[in-house]
Amino acid sequence: RLADKSIDAIAFENRYACKDGSYRWLSWNATAYEPFEAIYATARDITVHRKAEQALKESEARYSDLFENATDLIQIVSPDGDYLYTNRAWKESLGYTDAEIEGLSMFDILHPDQQSHCHDVFSRVMTGEAVGRVETIFVTKDGRSIDVEGDINCKMDNGRPVSTRGIFRDITERKIVDQMKSEFISTVSHELRTPLTSIHGSLGLIVGGVTGELSEQTRSLIEIAHTNTDRLVR
């Protein structure tokens, strides 16, 4: 292109094989002067720069793969609350496509009961405050509720909020199990307390002598039973 005078100057990069088997990257600037007699070119070794660029690309690819294939729900939200990024688990859990997420606000997927609480948390995070573990409820595209917990932090630039980053875990099943455990414990507690109270009261009357004098051996056994039923009631 320089020789046929279609251009006067050109810049390009090439990789060259060295005698020792290694490779070097060179950045060239070539110019043809009038009247055309020769092409003048200078080269600069940019091997270190290209290796740094490659390492950065590989690092970014690893992080991207890590986020995209994580089982946790990962989201990045703008200061206005609009979604900038959601990973695969987030989209699969909530049922939204990439196209549907465009223009979607984080407050659009929050349960009505959580709106006020999350507005407050979001405002505090935007100031750079560490709010610790957050629990809330997401609502899927088809209307199901998902209990989640996670951490949120804010990316700042010169003291100004740029985005908030949240990593959440679906704890819906855990909440259901916890509720079942609570109900089971409550039921068992109720069913045990009634007969235990009756046994405890009866033993107390016996120890108090309502049924007559007791032998020392019998009193010792009854007092042990009375003490242990008292502990069981508590």
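So, a few notes on the structure that sits alongside this text. (Residues numbered from 1 in each chain as written. Predicted model: local features only at pLDDT ≥ 70, side-chain atom pairs only at ≥ 80, totals over all residues. Heavy atoms only, no water.)

Turning our attention to the side chain of Thr229. Assignment of secondary structure puts Thr229 in helix H6 (residues 216-233). In this structure the side chain of Thr229 is engaged in a polar contact, spanning 2.9 Å, whose partner is the backbone oxygen of His226. Residues contacting Thr229, with those up to four places away along its chain left out, are Ile199, His200 and Leu203. (Helix = DSSP H or I, 4+ residues; strand = E, 2+ residues; numbered from the N terminus. Polar contact = N/O pair within 3.5 Å; in protein donor to acceptor, adjacent residues only side chain to side chain. Contact = heavy atoms within 4.5 Å.)

Let's shift gears to the sheet that holds strand E1 (residues 9-17). An order of E1-E2-E3 is seen for the three strands of this open sheet, with the pairing classed as antiparallel. If you trace the sheet from one side to the other, it starts and ends with E1 and strand E3 (39-45), each paired once. This sheet shows a mean twist of 25 degrees between the axes of neighbouring strands, independent of strand direction. For strand E2 (residues 23-32) and E3, the ladder comprises seven bridges, and the chain directions are antiparallel. Among the inter-strand pairings, Ser27 is bridged to a residue of E3, identified as Arg44. In this fold helix H1 (residues 47-68) packs onto E1, E2 and E3, with an angle of close to 120 degrees to the strand it touches most, E2. (Pairing = 2+ DSSP bridges. Axes fitted to C-alpha atoms, helices over the stretch in contact; angles between N-to-C directions.)

Shape descriptors only; they carry no functional weight alone.
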